[in-house]
Every structure is written in C-alpha cells, then in structure tokens.
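Structural description and commentary
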Amino acid sequence: MEKINEKICAQSIRNEENIANSRSESGDDLSAQICPVCGENLFEMIKNWRNIFEPKSDEMVKLRRNCKCERDRQELEAKRRTEYENLQKFKRLKSLSLLGKRYENISFESTQTSLNSSFDVAFNRCKKFCENYKIILAKGNGIYLFGDKGIGKTHLTACMANELMKNGVPVLFTNLFEISKSVKATFRKDSFETEKSLFEKFSKTEVLFFDDLGTEIFSKNEEDTWFQGLLFDIINQRYNANKSTIFSSNYSLNSLINERNIAERTVDRLCEMTSGAQMKIEEKSWRNRQMDLDF
C-alpha cells in the first residue's frame, strides 16, 4: 500500500510541475491561450490530481493540450516515418529477392495492355493475385504461366514480385540453374552456407518465383538424376509447406514431361500447386510489340 501511495504522490508532483509550467507559459494573456493558426484552445481544465485523496474536491487546473496544428504535424511525422520504414524494408527485401536490375522498377501500372487478349487475361490474374495476396498466400495457391519466348512471362512475374515486396512479402526470384549453382557451392569446404540452410530458404520463403522452368532438358545420366531430385525436392517441400510458387515456362505441363523429360511426379505436384491458374500467353512476341511501340 505504501508503494502505491508513493507512486501516486510522485505522479501528483509531476502533474503539479506540469501545471506550473503551463501557468507560466500561459500567463494572464487570453490570446496566448489560443493557437493563432487553427484557433483551438491550447489549454483545458481538468480536476487537480493533487486532491486525489479528496474525492469531493472540485478544484480544477489548466493543462497544456495539443491543438489541431500540433496533432496534424504529429500525424504527418508518423506517416512519413512509416513510409520511410516501409521503403527501407522494401529495399532490404529487394536485395534478398535475387530479382535482377532489369526488372527492379517494373510494375503493373507501367505495363502496356489491351494489345493481346491472352496477355491481358494473364495480366489481370497476376494483378488480382497481388491485390488479394493475404487470402491467396494463406491457401498456398500458385500460378503457372507458359508460352513462347518474349511474350512477357518474366515481365509479369517481376511485376508480381515488386508488388508483393512493396507490401512487405518476402520473395525469391530464381531458376533451376541458379538454384543448382547455389547448392553445388555449398559442397565446397570454404562455404559459409549449408545445403540444408539453402533448401530451407528456397522452401520456406513466402513466395518463390521459378523462372524459365524447363529450360534445361533432362537426359538419363547421373547428373540428370541429381537435377531431377533437386527439382522435385524444392517443389515438394513447398507443396508440403503450403507455400505459393509462381512458375514461368516456355512449355506446357505435358511438354515438361514429354519434351523436357521432367519427372511426372514433379509435374503432378506442380499441377496441384497451380490448379485453376495455368495460363498460356499466345500471339505476337511481347518484346517485338514493345519495340513496335518504341518503348
């Protein structure tokens, strides 16, 4: 009880000091009690905390308060601080994303549409994914984009990656070649990263962008067996962890098996992960279209 009383007394002393400061600032000049900009009172009357042990006391004192100008200034400062923190987080995420410099400023807003119906369908689906990312990521849904070279698959996935990172979502943008190179690097004695930690990074990152799947044609040798296992392990781990994966490829799902010799079990997993969101972009090359428009 004594400790409680000590705290109350200490608070009372601090309040008295605030009251004294407020009185000395305000003086008797009424104009000094009103903000000359917004016209709000700079002081308010409250019950004197010094009389906390006298509940019947009606003594009131005047305390300094924030006027509208000060509240607006504090709100603006908080907004700027939040924007700065978000920008720094976005820069950190981008540095970890492995997204190349060519695609770092690409966005949905700067992308030309209405020139290719199949591209527009894919564009709208990818944009909708980002607009509803919280719901979609919770379900672990992914996207499979395929079609000929130069039709904008990587462009669209880069738009998605940048949009997600702006919302604070960690992403990785890579391909099988870069993954295999990173894994092999862990075999060296001087490696600072283990194969296990690398697999955890690829399997647990919130969204993995798997670019140009099927570029490497699989053959029937020892190296191919290792590649097949590597590809299946990453896709399977993400499947089991219910993590969203965005794939782009020059090949349909059937062609991955029949033309690129990727194992059926891998393609089966991939098919489940992107069910309902497997889109082919057709018609004219997107890169040629950009040149025609002098982009």
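The following refers to the structure shown. (Residues numbered from 1 in each chain as written. Predicted model: local features only at pLDDT ≥ 70, side-chain atom pairs only at ≥ 80, totals over all residues. Heavy atoms only, no water.)

1. With respect to the side chain of Ser244
For the record, the criterion: Helix and strand assignments come from DSSP, with helices taken as H or I runs of at least 4 residues and strands as E runs of at least 2, each series counted from the N terminus. Here a polar contact is taken to be a pair of N or O atoms separated by no more than 3.5 Å, where protein atoms must pair a possible hydrogen donor with a possible acceptor and residues adjacent in sequence count only if both atoms sit in side chains. Contacts were defined at the residue level, with two residues in contact if any of their heavy atoms lie within 4.5 Å.
In this structure, Ser244 sits in strand 6 (residues 244-249). In terms of polar contacts, Ser244 uses its side chain to reach the backbone carbonyl oxygen of Asn141, at 2.7 Å. Sequence-distant contacts of Ser244, that is, excluding residues within four places in its chain, are made with Phe129, Ile136, Leu137, Gly140, Asn141, Glu206, Val207, Leu208 and Arg238.

2. Some thoughts on the pattern of salt bridges
What counts is decided by this rule: Here, a salt bridge means any side-chain nitrogen of Lys or Arg that lies within 4 Å of a carboxyl oxygen of Asp or Glu. For the exposure calls, accessible area comes from a 1.4 Å probe over protein chains only, and a residue counts as buried if that area is under 20% of its type's maximum, exposed if over 50%, partly exposed in between.
Within this structure, the stated rule accounts for eight salt bridges. Here Asp72 and Lys68 are joined by a salt bridge, their closest N and O atoms 2.8 Å apart. In this pair, Asp72 and Lys68 are both assigned in helix 2 (residues 68-97), four residues apart and thus about one turn of the helix distant. Residue classification places Asp72 among the partly exposed positions, given a relative accessible area of 35%. Note on Lys68: relative accessible area 41%, which makes it partly exposed. In this structure, Arg269 engages Glu272 in a salt bridge whose closest nitrogen and oxygen atoms are separated by 3.9 Å. Within this pair, Arg269 and its partner Glu272 are both found in helix 10 (residues 264-273), separated by three residues, close to a single helical turn. On the accessibility criterion, Glu272 (46% relative accessible area) is partly exposed. By sharing partners, the salt bridges in this structure join Glu40, Arg65 and Arg71 into a single network.

3. Here we look at the nonpolar core
Test applied: Nine residue types can take part in a nonpolar core, namely buried Ala, Val, Leu, Ile, Met, Phe, Trp, Tyr and Cys, and a core is a set of them joined through side-chain atoms within 4.5 Å.
Formed by 31 residues in total, the largest nonpolar core has its most connected members in Phe129, Ile143, Met160, Leu164 and Phe209. Among the elements of the structure, helix 3 (117-131), helix 4 (133-139), strand 3 (143-146), helix 5 (153-166), strand 4 (171-174) and strand 5 (207-213) are those that each provide at least two residues to this core. At seven residues, the largest contribution of residues to this core is made by helix 5. Beyond its immediate sequence surroundings of up to four residues, Phe209 is in contact with Thr157, Met160, Ala161, Leu164, Val171, Leu172, Phe173, Thr174 and Ile246.

4. Regarding the packing of aromatic side chains
The geometry of an aromatic ring pair is captured by two quantities: the separation of the ring centres and the angle between the planes. Put simply, the test is: The pairing test for Phe, Tyr and Trp rings, Trp by its six-membered ring, is centres within 6.5 Å, and the orientation test on the planes gives stacked under 30 degrees, edge-to-face over 60, and tilted for anything in between. Charges are assigned to positions over rings by a cutoff of 6 Å between ring centre and Lys NZ or Arg CZ, combined with an angular limit of 35 degrees from the ring normal.
With the rule as written, the count across this model stands at seven aromatic pairs. With a centroid separation of 5.4 Å and 85° between ring planes, the pair formed by Phe108 and Phe123 is classed as edge-to-face. In this pair, Phe108 sits in the loop between helix 2 and helix 3 while Phe123 sits in helix 3, placing the two residues 15 residues apart along the sequence. Ring centres 5.7 Å apart and planes at 35° place the aromatic pair Tyr144 and Phe146 in the tilted group. Each member of the pair Tyr144 and Phe146 is classed as buried. Aromatic ring contacts, followed pair by pair, group Tyr144, Phe146, Phe210 and Phe247 into a single cluster. Stacked on the ring of Phe202, the Lys or Arg Lys201 has its end atom at 5.7 Å from the ring centre. The ring of Phe232 is capped by Arg265, whose NZ or CZ atom sits 3.7 Å from the centre of that ring.

5. Remarks on the packing of helix 6 (residues 176-185) against helix 7 (residues 195-204)
What counts is decided by this rule: The convention used is that axes are lines fitted to C-alpha atoms, helices contributing only their stretch in contact, and that angles between N-to-C directions extend from 0 to 180 degrees. Comment on the angle field: the value is read as roughly parallel under 35 degrees, roughly antiparallel over 145, roughly perpendicular from 65 to 115, and oblique elsewhere. We call a crossing left-handed when the near helix sits turned anticlockwise from the far one by less than a right angle, and right-handed when that turn is clockwise. In this count, Pro and Cys sit with the nonpolar residues alongside Ala, Val, Leu, Ile, Met, Phe, Trp and Tyr, while Asp, Glu, Lys and Arg are called charged and the others, Gly among them, polar.
Packing of helix 6 against helix 7 brings their axes to within 9 Å, and their N-to-C directions diverge by 155°. With respect to each other, helix 6 and helix 7 are oriented roughly antiparallel. Considering only the axes of helix 6 and helix 7, their crossing is right-handed. Between helix 6, through Ile179, Ser182 and Val183, and helix 7, the contact on the second element is made entirely by Glu195, Leu198, Phe199 and Phe202. Across the contact of helix 6 with helix 7, the residue classes break down as five nonpolar, one polar and one charged.

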